[in-house]
Amino acid sequence: MVSLATIFGLLGNITTGLLYLSPAKTFWHIVQRRSTEEFDSLPYVVKLLNGYMWVYYGVVKPNSVLVATVNGFGSVLELIYVFIFLIFAPPRMRAITAVTFGVLDVVFPIAAVLITQLCFDREMQIDIAGFLSLLFSVFTYASPLAIMKTVVTTKSVEYMPFLLSFVLFINGLTWTIYAVITRDWFIGNYATLTNASFSLKIPNGSGFAFGTAQLVLYAMYWKPKHSKRTSDQDEEGWQHEHLIADSGP
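Nothing here was measured: the structure is a model prediction, and the numbers come from that model.

**Some thoughts on the overall build of the protein**
And then number 1: A count of helices and strands for the protein gives 10 helices and 0 strands.
And then number 2: In the protein, the succession of helices and strands from N to C terminus is α-α-α-α-α-α-α-α-α-α.
And then number 3: Looking at the protein residue by residue over its 249 residues, the buried ones come to 46%.
And then number 4: Within the protein, contacts between residues at least 6 apart in sequence are counted, and of these 79% link residues at least 24 apart.
And then number 5: Summed over its atoms, the accessible surface of the protein is roughly 12,400 Å², and 71% of this surface lies on carbon and sulfur atoms.

What follows is the structure, encoded as structure tokens:
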């Protein structure tokens, strides 16, 4: 019989994959317009680092293949997103992106892996990788704050896609339930640990909270459309859209 941990683990990986795929339409728009316009590369650089750390955690922790594979898939996507920024960003943004990418996505993960592999035993490697994954997950989940401020200021949900908010809500809820069931210290894997699962509930609980807050804002500020939007309005909406990218484990 399939356990609840297996079911919620698979659901968590599916929703995590959807979160990684969520910016795809925006980057297709960037490629078509051959300009990054007003988009910021930092969320994608940080999400790439977050993906790296979860992959490392999945590698060093036994029975964590799903964690490593889904975040490996996400890391490839985030790497493509960052490269698109480097190609189509204006000179100043390209330089900033190149520096942050070099420091956060090349130097830092290499140093983290080398130091933990050479200086610590396997249990400490798991704890350090899990803590770093937790830390960057919190940073990633905090990314909706900017768009939530925009919604409150403009009293419009035009630039906050409902599907992304809903997936963030489901992703955070799924991984939080998974943590409670499995009592895993960081990501809630199949091996039951004696430690409490509050470390997982911090990043994924925050994702659940931010997703809930966005859905509440939708209920408050959503207004029915009285006329069909023109293609120009659609393009303007994409220019100002702030996407979450997430990562939970």
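**Re the side chain of Asp-105**
And then number 1: Mapped onto the secondary structure, Asp-105 falls in helix H5 (residues 91-119).
And then number 2: We note that Asp-105 is buried and unpaired, the nearest opposite charge coming from Lys-47 at a distance of 12 Å.
And then number 3: At 3.3 Å, the side chain of Asp-105 and the backbone nitrogen of Leu-49 are in polar contact.

**A closer look at the packing of helix H4 (residues 65-88) against H5**
And then number 1: It is at 8 Å that the axes of H4 and H5 come closest, and there the two elements cross at 145 degrees. Only Met-93, Arg-94, Thr-97, Ala-98 and Phe-101 of H5 make contact with H4, whose side of the interface consists of Leu-79, Val-82, Phe-83, Phe-85, Leu-86 and Ile-87.
And then number 2: Tallied by class, the residues present in the contact of H4 with H5 amount to 9 nonpolar, 1 polar and 1 charged.

**Observations concerning the confidence of the model for the protein**
And then number 1: Overall, the predicted model of the protein reaches an average pLDDT of 76, with 74% of residues at or above 70.
And then number 2: Confidence over residues 187-199 falls short of pLDDT 50; this stretch has 46 contacts with residues more than four positions distant or in other chains.
And then number 3: Ignoring residues within four places in sequence, the model shows residues 227-247, a span with pLDDT below 50, making 58 contacts including any to other chains.

**Some words on the environment of Phe-208**
And then number 1: Structurally, Phe-208 is set in helix H9 (residues 198-221).
And then number 2: Look at Phe-208 and you get partly exposed, because its relative accessible area is 30%.
And then number 3: Each C-alpha atom of the pair Phe-208 and Val-167 lies 9.7 Å from the other, and the pair is 41 residues apart in sequence.
And then number 4: Residues in contact with Phe-208, not counting those within four places in the same chain, are Phe-169, Gly-172 and Leu-173.

**Focus: the packing of aromatic side chains**
And then number 1: On inspection of all chains with the given rule, the structure shows 8 aromatic pairs.
And then number 2: Relative to Tyr-44, the ring of Phe-27 lies with its centre 4.8 Å away and its plane at 80 degrees, an arrangement referred to as edge-to-face. Separated by 17 residues along the polypeptide, Phe-27 in helix H2 (residues 24-33) and Tyr-44 in helix H3 (residues 42-60) bring together distant segments of the chain. Each member of the pair Phe-27 and Tyr-44 is classed as buried.
And then number 3: Relative to Tyr-57, the ring of Trp-54 lies with its centre 5.7 Å away and its plane at 80 degrees, an arrangement referred to as edge-to-face. Of the two residues, Trp-54 and Tyr-57 are both situated in helix H3; the distance of 3 residues between them amounts to about one turn of the helix. Grouping residues by exposure puts Trp-54 and Tyr-57 together as buried.

**Quick word on unusual backbone geometry**
And then number 1: One non-glycine residue with positive phi stands out, namely Arg-34, at about 55 degrees.
And then number 2: Along the chain, Arg-34 turns up in the loop between H2 and H3.

Calculation criteria
- Residues numbered from 1 in each chain as written.
- Predicted model: local features only at pLDDT ≥ 70, side-chain atom pairs only at ≥ 80, totals over all residues.
- Heavy atoms only, no water.
- Helix = DSSP H or I, 4+ residues; strand = E, 2+ residues; numbered from the N terminus.
- Buried < 20%, exposed > 50% of the residue type's maximum accessible area, 1.4 Å probe, protein only.
- Contact = heavy atoms within 4.5 Å.
- Areas by Shrake-Rupley, 256 points an atom, 1.4 Å probe, with all protein chains shown as cover.
- Lys, Arg positive; Asp, Glu negative; His and termini not counted.
- Salt bridge = Lys/Arg side-chain N within 4 Å of Asp/Glu carboxyl O.
- Polar contact = N/O pair within 3.5 Å; in protein donor to acceptor, adjacent residues only side chain to side chain.
- Axes fitted to C-alpha atoms, helices over the stretch in contact; angles between N-to-C directions.
- Nonpolar A, V, L, I, M, F, W, Y, C, P; charged D, E, K, R; others polar.
- pLDDT = per-residue confidence, 0-100.
- Phe/Tyr/Trp six-rings, centres within 6.5 Å; stacked < 30°, edge-to-face > 60°.

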